[in-house]
Amino acid sequence: MGGKSGGIAQGVVGVVLIVVGAFSSPVGWGLIAMGVGMLIGGAAAYMADSQARKASRQSSQTIEKNGHKINTRDTQEPLRLIYGRFKVGGNIVYTSAGGANNEYLHLILVLSEGEIDACENVYLDDKPIADYGGDAYYEFYNGGANQTVCATLQATDANWTDPLKHTAYLYVQLKFNPDKYNMQPVITALVRGIKTFDPRSGLTQWSQNPALVIRDLFTNKRYGMGFSSALLDNQSIIDSANWCGTNSYQFNGGVFAQEAGMDVIEQAMQNFRAVMVKSGATYKLKVLDVESPVMSLTEDDIKADSFSFSIPGLPETPNRTRVKFPNKDNGYNTEDLIVEDLNALTVEGYERESSLTLIGTTDWAQAQKLAVYNLERARLNKAYTFVAGPKAIPLELGDCISITNTLPGWTNKLCRVMSANISGQNEMSLTIIEEDPLLYNDVIDIDVHTYSSTNLPNPFAVPPEAANTTFTEEEYFNKDVSYTRLKITFTNPASPFWEHSEVWISVNNAGYNHYQNTRGAFTIEPVKEAVNYK
């Protein structure tokens with residue numbers, strides 16, 4: 001296997017992954033900042049252009065490319081964060097050869113920030129290391145604060161002196177055997193990741209609970225955002241953790257690149273349809289689910305003429321969603337799961353696809369539930385804005401409310417508050433989106449789902465044809481010469497989305513040709529006698 005070589009230099013691991021200061025970053029995907037608070041993640045994603053923000057999400061890109069299972073040799077490679085149960089490759093930070101004929105290759109493969117809970121198995125080219133018998137050997141180091149140097153490697157190579165504290169890694173020894181491998185195999189490990197603090201028990205231990213992952217990312221001072229736990233509403237973490245346990249949502253995955261803190265938290269919250277709400281000085285974690293309205297607003301509570309709405313066009317309304325996730329039942333390789341709205345495909349005639357990459361979902365059933373939710377949420381995408389009186393001042397972002405208003409034709413319509421801004425004395429400017437309990441039933445019922453119960457005009461409907469068409473023959477003169485023309489009048493279609501009518505003319509049944517676009521009466525001139533015009 002070649003002579004001894006000092007591999008990539010020691011001490012290069014431990015790069016902090018999460019960049020604090022994301023609150024001042026330009027908003028985009030799922031981050032809406034308003035006067036009294038902000039809502040991060042979840043349904044807020046459908047109220048902002050997401051493409052630029054998605055492009056910057058390097059952890060998602062790593063999953064999309066199956067990059068979590070490769071081996072790297074890079075002094076600039078950041079130290080990953082692994083939570084739950086996940087299969088990962090790693091960064092080779094040291095290599096050397098030994099033995100009488102240099103037949104042994106010694107590798108240090110960094111896996112994750114530590115301390116992690118356990119390494120359940122190691123694989124060489126996706127085959128269990130046990131299949132290689134005496135030709136492969138490993139030792140696992142969990143990355144504890146008091147971790148000591150790998151004595152086995154140091155006994156062979158005195159140059160290795162780094163204990164790699166706070167860094168989970170493998171020491172792997174490979175004996176040259178051309179019958180087993182002709183080149184260095186790709187090394188992966190199935191691990192139980194970072195231990196997280198659980199406020200329900202007061203213990204720091206391994207967990208697959210997504211809410212505890214969010215808490216760790218928010219508060220950890222080594223690799224997280226490092227905020228005080230006093231800034232995070234403790235009861236909201238407990239409530240969210242209990243909800244995840246009851247509804248079988250897990251986080252198994254990680255953070256694979258250096259990214260802004262809130263981008264990381266948003267990507268993590270997508271794995272259990274959660275949002276983070278900031279109101280005042282406290283952040284609350286909230287799982288979006290069926291809720292009773294906390295307040296009812298009627299026309300008397302809404303300022304006259306302040307009600308407006310935004311309806312995305314058909315190109316911005318997907319009828320299928322593609323979810324990418326590392327499937328544990330397929331060796332944690334990244335797979336695509338596609339969910340379609342069959343009724344919408346039939347009516348709308350062509351596919352419009354949205355995409356979502358889950359960095360913490362390895363279970364097919366969980367990925368399917370999230371795909372269904374994201375597609376239904378993306379289609380129920382109308383946003384409404386209005387100014388409400390003092391009754392609305394106590395509302396928090398993410399609250400569900402019921403609204404009765406004649407403009408959209410609502411009677412006790414369930415909506416969710418997406419932004420709230422003090423707009424005047426005892427007035428609140430609110431932006432809301434429609435809610436529907438069917439969004440949260442985790443059942444693929446989108447082909448029968450009713451997406452809107454309002455009586456607003458349908459922007460996707462084809463306007464009706466012009467009516468009451470009349471034809472009048474007129475004589476007109478040009479330089480004392482008499483000509484004949486046809487004057488055509490009609491009644492415009494009663495549709496707010498009608499812009500003009502197209503006029504097509506056939507002369508003596510010779511086929512139709514486009515004559516003009518018109519918004520009212522027009523003439524065809526001159527016309528000839530004994531000629532048939534249609």
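Just above, that's the structure.
Keep in mind the model is a prediction, meaning the values are calculated, not measured.

A. Looking closely at the overall build of the protein. Along the backbone of the protein there are eight helices and 32 strands. When each of the 534 residues of the protein is scored for burial, the buried share is 50%. Long-range pairs, those at least 24 residues apart, make up 69% of the contacts in the protein between residues at least 6 apart in sequence. Carbon and sulfur atoms form 49% of the exposed surface of the protein, whose accessible area is close to 23,900 Å².

B. Structural detail: the pattern of salt bridges. The full count for this structure, using the stated rule, is 30 salt bridges. Ionic contacts of the salt-bridge type, sharing partners, join the residues Arg320, Arg322, Lys324, Asp336, Glu340, Glu351 and Glu353 into one network.

C. Summary view of the pairing of strand β21 (residues 320-327). Where burial is concerned, most of β21 is hidden: six out of the eight residues are buried. In terms of strand pairing, β21 meets strand β22 (residues 333-340) through eight bridges, oriented antiparallel. Counterpart to valine 323 in the pairing with β22 is leucine 337. By the bridge criterion, five bridges tie β21 to strand β23 (residues 353-357) in an arrangement that is parallel. Bridge pairing links arginine 320 to glutamate 353 in β23.

D. Broad picture of the sheet that holds strand β28 (residues 467-478). If you trace the three strands from one edge of the open sheet to the other, you get β28-β29-β32, paired in antiparallel fashion. Edge positions in the sheet fall to β28 and β32 (522-524), since each has one partner strand and no second. Neighbour-to-neighbour, the strand axes of this sheet turn through a mean angle of 30 degrees, independent of strand direction. Across 10 bridges, β28 lies against strand β29 (residues 481-491) in antiparallel orientation. Opposite phenylalanine 471, over in β29, you have isoleucine 488 as the bridge partner.

E. A look at the side chain of glutamate 348. Structurally, glutamate 348 can be placed in helix α7 (residues 342-348). Look at glutamate 348 and you get buried, because its relative accessible area is 16%. Side-chain polar atoms of glutamate 348 contact the side chain of asparagine 319, separated by 3.2 Å. Among all residues touching glutamate 348, those that are not within four sequence positions of it are Leu314, Asn319 and Arg379.

Criteria and cut-off values
- Residues numbered from 1 in each chain as written.
- Predicted model: local features only at pLDDT ≥ 70, side-chain atom pairs only at ≥ 80, totals over all residues.
- Heavy atoms only, no water.
- Helix = DSSP H or I, 4+ residues; strand = E, 2+ residues; numbered from the N terminus.
- Buried < 20%, exposed > 50% of the residue type's maximum accessible area, 1.4 Å probe, protein only.
- Contact = heavy atoms within 4.5 Å.
- Areas by Shrake-Rupley, 256 points an atom, 1.4 Å probe, with all protein chains shown as cover.
- Salt bridge = Lys/Arg side-chain N within 4 Å of Asp/Glu carboxyl O.
- Pairing = 2+ DSSP bridges.
- Axes fitted to C-alpha atoms, helices over the stretch in contact; angles between N-to-C directions.
- Polar contact = N/O pair within 3.5 Å; in protein donor to acceptor, adjacent residues only side chain to side chain.

Don't take any of this as a statement about function, it's just geometry.
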